[in-house]
Each structure stands twice: as structure tokens, then as C-alpha cells.
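Here's the letter readout for the chains.
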Amino acid sequence: MDRKELTIVEHLVEFRKRLLAVVICFFLVFCVSLLFADQIYQYVTQSFQQKLIILGPNDILWIYIRLASLMAFTITLPYTVYHIWSFIKPGLKKEEARAIFAYIPASFLCFLVGLAFGFYFVTPALLQVLLGLGEGLFETQLTAQNYLSFVFQTTLPLALIFELPVIIAFLTSIGLIGPELLLTYRRYAYFILLVLAVVLTPADFVSDLAMTVPLILLYEFSIAISKKINEEKNERRNKWESYVISERQD
């Protein structure tokens, strides 16, 4: 009993140490990102011919903090995933731990692809549609705060959704899910993705369709990855069973 309690305490201590390391890394990267927040802002708003307005000095601080936070979260993501992997590594087999280690750069890459897809494709398209709805009815003046809020709302959810293949691959590797489960609940997944597309886009059929199609393709790609990983696991298991049987016969 004491040993079990000691083991739980040791896990909690290790979790606290790794969480503290991630928080410190995030804070350090955040401080450095603040120095480049103005350059990041210029890059994000480079498509506008005129400078965006602000309504007060607090907006400047808000913009700098939001941009620095996004940069810090993106840069520290591989470090965070590494600590998650290190924490669960003792409970995995050697082959599983080695395979899951490859998900660290994959998670970072998928997050960047999601951000890029949202910023370069979704955000401009939605902004054009929304501004077109008010053309001739309103005099639209975009503020820096409103525009950046719009960018965050259309890019961050997509960046997180683009982590779906990595999450599916990870859960398949440790045996929690399989391609059969993903195929069984495919229609429900499609419905959830459709709801997400409607929530993330304005009430426009073209925009909803433009968002839904990539999400569905992402889900199908996740199923293909799950099938591939499951086949490799079954192949290794069959080889091991054949080896054990041959050793017993000898």
C-alpha cells in the first residue's frame, strides 16, 4: 500500500517538474517574442494598404500580448509534446515509445500547416465574404483589435483540428482506438465536422462547403493512418507469434 502511494506521489512530482519546465520555457519564449511583436503584426496586416486604427493605448498592449502568446505557444509546442511523451514513456513498450517519439515533429508540422491554411486561405475568404455582405449598407472600419481577433478565431481552431491525424495515430499506437472504430462512427464524425465548419464560418453555403471539405479529407487521412499503423502492429505481432511457435517446436 505504501509502495503504491509512493509511486503515485513520484508520478505527481515528475508531472509537476515537467509542467514547470514547460511553463518556464513558454514564459522565456513569450518574453523574446514580445521583442518581435511589432514585426509579427506588420506581417499579419501586410495585406492592408492603410494602417489599422486602434481605440486606445490598451489595444497596443493587448495586440502585443496576443501575438507573443501565439508565437510562444507555437514554438514551445514540440517541447511540450516531448515532455508528454517522456511522462508516459515508462508505460510504453520500447517499440511504441520509439514510434510515438516521431509524433513530436509531426504535431509541430500539423499545427503550422493548420495555421498557414487558416491564415492564407480561410481568413481572406471569410473576410471578403463578410465585408461583401455589408457593402453598400455600412461604412466598415476595421480596428487592429477586431481584425486580430478575427484572425485568431479562424486560424487557431484550424491549427488544433489539423492535429487530428497525429492524435489518431498516437491513440492507435497505444491501442485505445482502431480504424474499425473510426469507420463505425464516420457519419457522426462528419456531422461534428459540419457543425464545426458552420460555427467557424459565416452563414454562407460556399464558405461552409470550403471549410467542410478539408475537414472531411483530414478525417479520411486519419483513418488511412490508423489503418497503416494497425497493419504494422498486426504484422509485428504475427512475426513474434511465428517466432515463438518456431522456438517451441525446436
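Residues numbered from 1 in each chain as written. Predicted model: local features only at pLDDT ≥ 70, side-chain atom pairs only at ≥ 80, totals over all residues. Heavy atoms only, no water.

The protein is annotated in an unreviewed UniProt entry as Sec-independent protein translocase protein TatC from Streptococcus mitis 13/39. Its UniProt record gives the protein a comment under Function (unreviewed entry), which states: "Part of the twin-arginine translocation (Tat) system that transports large folded proteins containing a characteristic twin-arginine motif in their signal peptide across membranes." Taken directly from UniProt, the Subunit (unreviewed entry) text for the protein runs: "Forms a complex with TatA." (UniProt positions renumbered as here; feature names shortened; annotations may be inferred.)

### What to know about the packing of helix H3 (residues 57-88) against helix H6 (residues 144-161)
Taken N-terminus to C-terminus, the directions of H3 and H6 make an angle of 20°; their axes are 10 Å apart at the nearest point. With respect to H6, the axis of H3 lies roughly parallel. For the element pair H3 and H6, the recorded crossing hand is left-handed. On H6, the residues that touch Asp59, Trp62, Ile63, Arg66, Leu67 and Leu70 of H3 are Ala144, Gln145, Leu148, Ser149, Phe152 and Leu156. Class assignment of the residues belonging to the contact of H3 with H6 gives a composition of 8 nonpolar, 2 polar and 2 charged. (Axes fitted to C-alpha atoms, helices over the stretch in contact; angles between N-to-C directions. Helix = DSSP H or I, 4+ residues; strand = E, 2+ residues; numbered from the N terminus. Parallel < 35°, antiparallel > 145°, perpendicular 65-115°, else oblique. Left-handed = near helix turned anticlockwise from the far one by under 90°. Contact = heavy atoms within 4.5 Å. Nonpolar A, V, L, I, M, F, W, Y, C, P; charged D, E, K, R; others polar.)

### Side note on the packing of H3 against helix H5 (residues 103-133)
Where H3 contacts H5, the two axes come as close as 9 Å, and the packing angle between them is 150°. Between H3 and H5, the interaxial angle falls into the category roughly antiparallel. Considering how the two elements wind past one another, H3 and H5 form a crossing that is right-handed. Where H3 abuts H5, its residues Phe73, Thr74, Leu77, Pro78, Val81, Tyr82 and Trp85 lie against Ile104, Ser107, Phe108, Phe111, Leu112 and Leu115. Here the contact of H3 with H5 is built from residues that sort into 11 nonpolar, 2 polar and no charged.

### Brief notes about the UniProt feature "transmembrane region" (unreviewed entry) in the protein
With numbering aligned to this structure, UniProt lists the feature "transmembrane region" (unreviewed entry) at residues 20-41, 61-88, 100-122, 156-176 and 188-205. With 95% helix and 0% strand, residues 20-41 has its two end C-alpha atoms placed 29 Å apart. Segment residues 61-88 splits into 100% helix and 0% strand. End C-alpha atoms: 38 Å apart.

### Some details on the packing of aromatic side chains
Working definition: an aromatic ring pair is given by the centre-to-centre distance plus the angle between the planes. Tallied over the full model, the rule gives 11 aromatic pairs. What links up through ring pairs into an aromatic cluster is the set Tyr43, Phe119 and Tyr120. The ring centre of phenylalanine 152 lies 4.4 Å from the NZ or CZ of arginine 66, which sits over that ring. (Phe/Tyr/Trp six-rings, centres within 6.5 Å; stacked < 30°, edge-to-face > 60°. Lys NZ or Arg CZ within 6 Å of the ring centre and 35° of its normal.)

### Quick notes on H5
With 31 residues, H5 ought to run about 45 Å at 1.5 Å a step, and its terminal C-alpha atoms sit 42 Å apart, in line with that. Approximately 35° is the largest bend angle found in H5, and it occurs at valine 122, with the proline proline 124 only one to four residues beyond. (Expected span 1.5 Å × (residues − 1). Bend = angle between axes of the 7 residues up to and from the residue.)

### A look at the environment of leucine 164
Position of leucine 164 relative to the elements: it lies in helix H7 (residues 164-173). In this structure, the C-alpha to C-alpha distance between leucine 164 and serine 107, residues 57 residues apart in sequence, is 9.2 Å.

### As for H7
Taken as a whole, H7 has its buried residues at Pro165, Val166, Ile168, Ala169, Thr172 and Ser173. Buried residues of H7, seen end-on, are gathered within an arc of 165° and therefore sit on one face of the element. Positive phi appears at glycine 175, one or two residues downstream of H7, with a value of about 85°. (Buried < 20%, exposed > 50% of the residue type's maximum accessible area, 1.4 Å probe, protein only. Arc of directions from axis to C-beta.)

### Some thoughts on a nonpolar patch on the surface
On the surface, Leu34, Ile54, Ile60, Leu61, Tyr64 and Ile65 cluster together to form a nonpolar patch covering roughly 470 Å² of accessible area. For the nonpolar patch, the element with the highest residue contribution is H3, accounting for 4 residues. Mapped onto the fold, leucine 61 is located in helix H3. With relative accessibility at 54%, the residue leucine 61 sits in the exposed group. (Patch = residues over 30% accessible without salt bridge, like charges linked within 9 Å, V, L, I, M, F, W, Y side chains within 5 Å. Areas by Shrake-Rupley, 256 points an atom, 1.4 Å probe, with all protein chains shown as cover. Salt bridge = Lys/Arg side-chain N within 4 Å of Asp/Glu carboxyl O.)

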